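Per-entry structural report
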Amino acid sequence: MTKLPLNKPNLSTKIADVNFDSYILNASGPRCTTETELHNLGQSDSAAIMTKSCTLVAREGNPEPRYKALPQGSIQSMGLPNLGYKAYLEILPRLTQYNKPIIASISGLSINDNVEMVRAFQQSAADLLEVNFSCPNVPGKPQLGYDFEQTDKALAAITKLGDKPLGIKLPAYFDFNHFETVANILKKYPVKFISSINSIGNTLVIDPETQSPVIKPKAGFGGLCGSYIKPIGLANVNAFRELLPKEISIFGVGGVYTGTDAFEYLLAGADAVQVATCYQEQDVNCFTRIKNELAQLLASKNYQNIDAAKGQLQLL
Ligand code: SIN
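First things first, this report covers the structure right here in the doc. (Residues numbered from 1 in each chain as written. Predicted model: local features only at pLDDT ≥ 70, side-chain atom pairs only at ≥ 80, totals over all residues. Heavy atoms only, no water.)

Here we take up the overall build of the protein chain. The helix and strand tally for the protein chain stands at 10 helices and 16 strands. In terms of overall size, the protein chain behaves like a compact globule, its C-alpha atoms giving a radius of gyration of 19 Å where 316 residues would be expected to give roughly 20 Å. Seen through its C-alpha atoms, the protein chain measures out along the principal axes to roughly 65 × 55 × 45 Å. Counting all 316 residues of the protein chain, 56% fall into the buried class. Of the accessible surface of the protein chain, which amounts to about 14,000 Å², a share of 51% is contributed by carbon and sulfur atoms. In the protein chain, the 29 positive side-chain charges and the 29 negative ones have mean positions that sit 1 Å from each other. (Helix = DSSP H or I, 4+ residues; strand = E, 2+ residues; numbered from the N terminus. Rg over C-alpha atoms; globule rule 2.2 N^0.38 Å. Buried < 20%, exposed > 50% of the residue type's maximum accessible area, 1.4 Å probe, protein only. Areas by Shrake-Rupley, 256 points an atom, 1.4 Å probe, with all protein chains shown as cover. Lys, Arg positive; Asp, Glu negative; His and termini not counted. Charge placed at Lys NZ, Arg CZ, Asp CG, Glu CD.)

Now the structure itself:
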């Protein structure tokens, strides 16, 4: 019997009113630091070009080994290696040729750093700004997103510097009080999107053979990524989708390897998903594959577009 071709669903989506051709893009993290890597993303099926989180001055990052692939993900403590924000300001105009959204990721080591960089990127070729409140890997620097007073203070300072949509990359939360507290802080400011979640900070993987941690920085404490953290990402996306107004878009991040993973984030209410460890391990072809898998899955369930399936989580 001939199999009838399924109608190809439309995977386009919107984040903060900016059009994205598809639901799947890279996360700030792997393979988005150098100009070459950013051009590779431009030429790929990633729906956007997201930069590595930048700091005021260039950083080499933490000592090696600082990344270890694990059976179902990875642990890393990169320590924000990046070219410094001025280099990205120069690179971004050369990325506009790809006609897809450019997202500048910013990770100041202080509120003043963030103010300086957000002000500069508000005048840049970036379409959206993602401010990272959740890097766990800079020794001596706590994750801003776990300090609610500082989060409030930082948002007050960085959300009044221009009209480009600004969003925040959040750490994972594990308590309903925390979801509510953070949502209430976000609602006070013109935050246009959140990216949820960053790696789960300060985890420890030990190799029993060598009796050592598998990474060097911070005595082996690093961010856990990949499939291990998908249930946590799904819970955070779903909780924030319930608590935040629809005008605040949500990027789901954490453990997206397949179209099914992307679909689960869609059911939880995400407006798009970002891919980190899978992109590190498989390079740009992963965007095409995940896109095709998601399209096929949606078609098999008779969903014609992203909005039709968004938030369709069926509670038991
Ligand atoms: C890193 O560079 O250490 C990872 C970035 C992050 O966790 O935000």
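It is worth spelling out the pattern of salt bridges at this point. Per the counting criterion, the structure on display carries 11 salt bridges. Ionic pairing is found between Lys-291 and Asp-45, a salt bridge with its closest N-O pair at 3.4 Å. Of this pair, Lys-291 sits in helix H9 (residues 285–300) while Asp-45 sits in the loop between helix H1 (35–43) and strand S4 (49–50), and the two are 246 residues apart along the sequence. For Lys-291, a relative accessible area of 24% translates into the label partly exposed. In this structure, Asp-307 engages Lys-310 in a salt bridge whose closest nitrogen and oxygen atoms are separated by 3.1 Å. Taking relative accessible area as the criterion, Asp-307 reaches 56% and is therefore assigned exposed. Salt bridges linked by common partners bring Arg-241, Asp-271, Asp-307 and Lys-310 together as one network. (Salt bridge = Lys/Arg side-chain N within 4 Å of Asp/Glu carboxyl O.)

What follows is about the side chain of Ser-134. Position of Ser-134 relative to the elements: it lies in the loop between strand S8 (128–132) and helix H4 (148–158). Take Ser-134: its relative accessible area is 0%, and that puts it in the buried class. Polar side-chain contacts of Ser-134 include one of 2.9 Å to the backbone oxygen of Lys-169. In terms of polar contacts, Ser-134 uses its side chain to reach the side chain of Asn-198, at 2.9 Å. (Polar contact = N/O pair within 3.5 Å; in protein donor to acceptor, adjacent residues only side chain to side chain.)

Another aspect to go through is helix H5 (residues 176–187). A rise of 1.5 Å per residue sets the reference length of H5, with its 12 residues, at 16 Å; its end C-alpha atoms lie 16 Å apart and thus fit the reference within 8%. Residues of H5 that are buried include every one of Phe-179, Val-182, Ala-183, Ile-185 and Leu-186, and no others. The buried side chains of H5 occupy one side of the element, clustering within an arc of 160 degrees when seen end-on. Turned more than 90 degrees from where H5 packs its buried face, Phe-176 and Asn-177 sit exposed. In the core, the buried residues of H5 are packed alongside H4, strand S9 (166–170), strand S10 (193–196) and helix H6 (230–243). For H5, the capping residue at the N-terminal end is Asp-175, with a side-chain oxygen 2.8 Å from the backbone nitrogen of Asn-177. (Expected span 1.5 Å × (residues − 1). Arc of directions from axis to C-beta. Contact = heavy atoms within 4.5 Å.)

The next subject is the packing of H6 against helix H7 (residues 259–268). Relative to each other, H6 and H7 sit at 25 degrees, their axes nearing to 8 Å. Classified by the angle their axes make, H6 and H7 are roughly parallel. Once H6 is placed against H7, the crossing between them reads as right-handed. When H6 is examined against H7, the residues Lys-230, Gly-233, Leu-234, Val-237, Asn-238 and Arg-241 are found in contact with a partner set consisting of Asp-261, Glu-264, Tyr-265 and Ala-268. Looking at side-chain class alone, the contact of H6 with H7 contains 4 nonpolar, 2 polar and 4 charged residues. (Axes fitted to C-alpha atoms, helices over the stretch in contact; angles between N-to-C directions. Parallel < 35°, antiparallel > 145°, perpendicular 65-115°, else oblique. Left-handed = near helix turned anticlockwise from the far one by under 90°. Nonpolar A, V, L, I, M, F, W, Y, C, P; charged D, E, K, R; others polar.)

Within the largest apolar cluster, 87 residues are counted, with the highest numbers of intra-cluster contacts made by Phe-20, Tyr-23, Phe-121, Ile-168 and Phe-240. Here the element with the most residues in this core is H9; it accounts for 7 residues. Formed by 9 residues, the second largest nonpolar core is a distinct cluster that contains Leu-70, Ile-75, Ile-215 and Leu-224. (Core = buried A, V, L, I, M, F, W, Y, C linked by side-chain atoms within 4.5 Å.)

Moving on to the sheet that holds strand S5 (residues 67–70). Here we have 4 strands laid out as an open sheet, ordered S5-S6-S14-S11, and antiparallel in their pairing. Looking at which strands have only one partner, the edges of the open sheet turn out to be S5 and strand S11 (200–204). Averaged over all pairs of adjacent strands, the angle between their axes in this sheet comes to 35 degrees, without regard to strand direction. (Pairing = 2+ DSSP bridges.)

Burial of S9 is extensive: 5 of the 5 residues sit out of reach of the surface. Residues of S9 alternate between two faces, with Leu-166, Ile-168 and Leu-170 on one and Gly-167 and Lys-169 on the opposite face, all of them buried. In terms of strand pairing, S8 meets S9 through 4 bridges, oriented parallel. Note that in S9 the partner of Val-131 across the bridge is Ile-168. With H4 bridging S8 and the parallel S9, this β-α-β connection has right-handed handedness. Note that S9 and S10 share 4 bridges and pair parallel. Note that in S10 the partner of Leu-170 across the bridge is Ser-196. With H5 bridging S9 and its parallel neighbour S10, the resulting β-α-β unit is right-handed. (Right-handed = clockwise from strand over helix to strand, strands pointing away.)

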